[in-house]
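Remarks on the overall topology
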Amino acid sequence: MNPIIKAENLTFSYPGDEESKPVRALSGVSFEIPEGSFTAVLGHNGSGKSTLAKLLCMVNLPDSGRLWVAGREITSPDATEADILAARRDVGMVFQNPDNQIVATIVEEDVAFGCENLGLPPAEIRKRVDEALAAVGMTEYARKQAYNLSGGQKQRVAIAGTIAMNRRCIIFDESTAMLDPMGRREVMEIIRRLNREQGVTVLLITHHMNEAAMADRILVMNQGKIILDGTPSKVFGSPDAMWKAGLDVPQTTELAYKLRRAGIDVPLDLFDPDDCAKAVAAAVQRKMAKSGRGGKS
Ligand code: ADP
Ligand code: MG
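To start, this report covers the structure provided alongside it.

1. Quick look at the side chain of Thr206
By the element assignment, Thr206 lies in the loop between strand E8 (201-205) and helix H7 (209-212). A distance of 2.8 Å separates polar atoms of two side chains, one belonging to Thr206 and the other to Glu211. With sequence-adjacent residues up to four places away left out, Thr206 is seen in contact with Val41, Leu42, Glu211 and Ala212.

2. Thoughts on the sheet that holds strand E5 (residues 72-73)
One open sheet holds the four strands; their spatial order is E2-E1-E4-E5, and the pairing between them is antiparallel. With one partner strand each, in any of the chains shown, strand E2 (23-34) and E5 form the two edges of the open sheet.

3. Notes on the environment of Lys278
Within the element layout of this structure, Lys278 appears in helix H11 (residues 273-290). Residue classification places Lys278 among the exposed positions, given a relative accessible area of 59%. Sequence-wise, Lys278 and Asn60 are 218 residues apart; in three dimensions their C-alpha atoms are separated by 48 Å.

4. Topic: the environment of Ile33
Considering the arrangement of structural elements, one finds Ile33 in strand E2. Ignoring anything within four residues of it in the chain, the contact list for Ile33 reads Asn2, Pro3, Ile4, Ile5, Thr39, Thr201, Leu203 and Arg217.

5. Observations concerning helix H3 (residues 107-117)
Within H3, burial applies to Val107, Glu108, Asp110, Val111, Ala112, Gly114 and Cys115. Contact partners of the buried residues in H3: helix H4 (122-135) and helix H5 (151-164). At the exit of H3 stands Gly119, carrying a positive phi of roughly 75°.

Reading the values: the criteria
Every chain's residues receive numbers from 1 upward, in the order its sequence appears when written. Lettering of chains starts at A and numbering of ligands starts at 1, both following the order in which they are written. Local features in a predicted model are, by the rule used here, given only for residues with pLDDT of at least 70; side-chain atom pairs are given and counted only at 80 or more, and totals for whole chains, interfaces and linings are based on all residues. For the side-chain quantities, the full set of heavy atoms in the structure was used; hydrogens and water were omitted. By definition, any uninterrupted DSSP run of H or I lasting at least four residues is a helix, any uninterrupted run of E lasting at least two residues is a strand, and each is numbered from the N terminus. Between N or O atoms, a polar contact is any pair within 3.5 Å; within protein, one atom must be a potential hydrogen donor and the other a potential acceptor, and residues adjacent in sequence are included only when both atoms are from side chains. Between two residues, a contact is recorded if the distance between any of their heavy atoms is within 4.5 Å. One requirement defines pairing of two strands: DSSP has to find at least two bridges between them. The rule is simple: take the accessible area with a 1.4 Å probe, protein chains only, and divide by the maximum for that residue type; under 20% is buried, over 50% is exposed, in between is partly exposed.

Set out below in structure tokens:
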């Protein structure tokens, strides 16, 4: 599948001022994101995740390296205004704080805001807003005051705003971090559906390992570089590398790792607690049978 985003050797530093030196935030970052994929980005604070997201949304331009969005090289000296505009429309971002993202008082007006900036005809905006609100399960709140909503509902409204703009790729920069467990589940469910049912490419920056385990692929960042890149099974399947980078693995993986060291053979890549529990029960039974203590010895 064609990459929606291709990055080659991206480098970015924040300029310093009189008191501070420039900060190198990204060094030689290269990857391709296939259209329609679901990628999680992990890394501790300051590892460069948000900086990368801002380059992909064209909030900032890289100091060096090349970046393609939907086949257009936006870092090319030949890139036109129209190329950049088109690329900006393709990639949207949902941020961490639900309160900072609502710009209008009424929910449906907020969802319409981006479409109005695109200058779309009112009938088209109406249709897109209705569809987007339905996609995030917020139809009944269309005429409600946005400030009264819960954090999870506000994030769903923010997501609806990006859906209404027909984004091909949405970057979620810790968009579940400020939500309670219920809000987090609601938002994750919508992100998964957007990806699976509507083919929207998802980049999910998160600190929650169970959220990352839902992705097709995980990129792990450390000090402005990508240090691990693979499926959740591969990345979490070598927990030592994650621990070395100061990161966690899902609790099921940690449990399985410790059980394996105690001689109970459980796979490291069962991220659902029910699946993990079944595997542990089966492994314990196998072990007991082997040592002659099982019922069938
Ligand atoms: P993350 O999102 O993984 O926490 P960031 O991309 O925000 O990491 O930050 C990467 C590095 O860039 C950090 O060292 C951070 O202090 C620095 N940084 C981030 N934003 C700015 C800024 N606006 N000005 C100066 N330095 C910044
Ligand atoms: Mg960040």
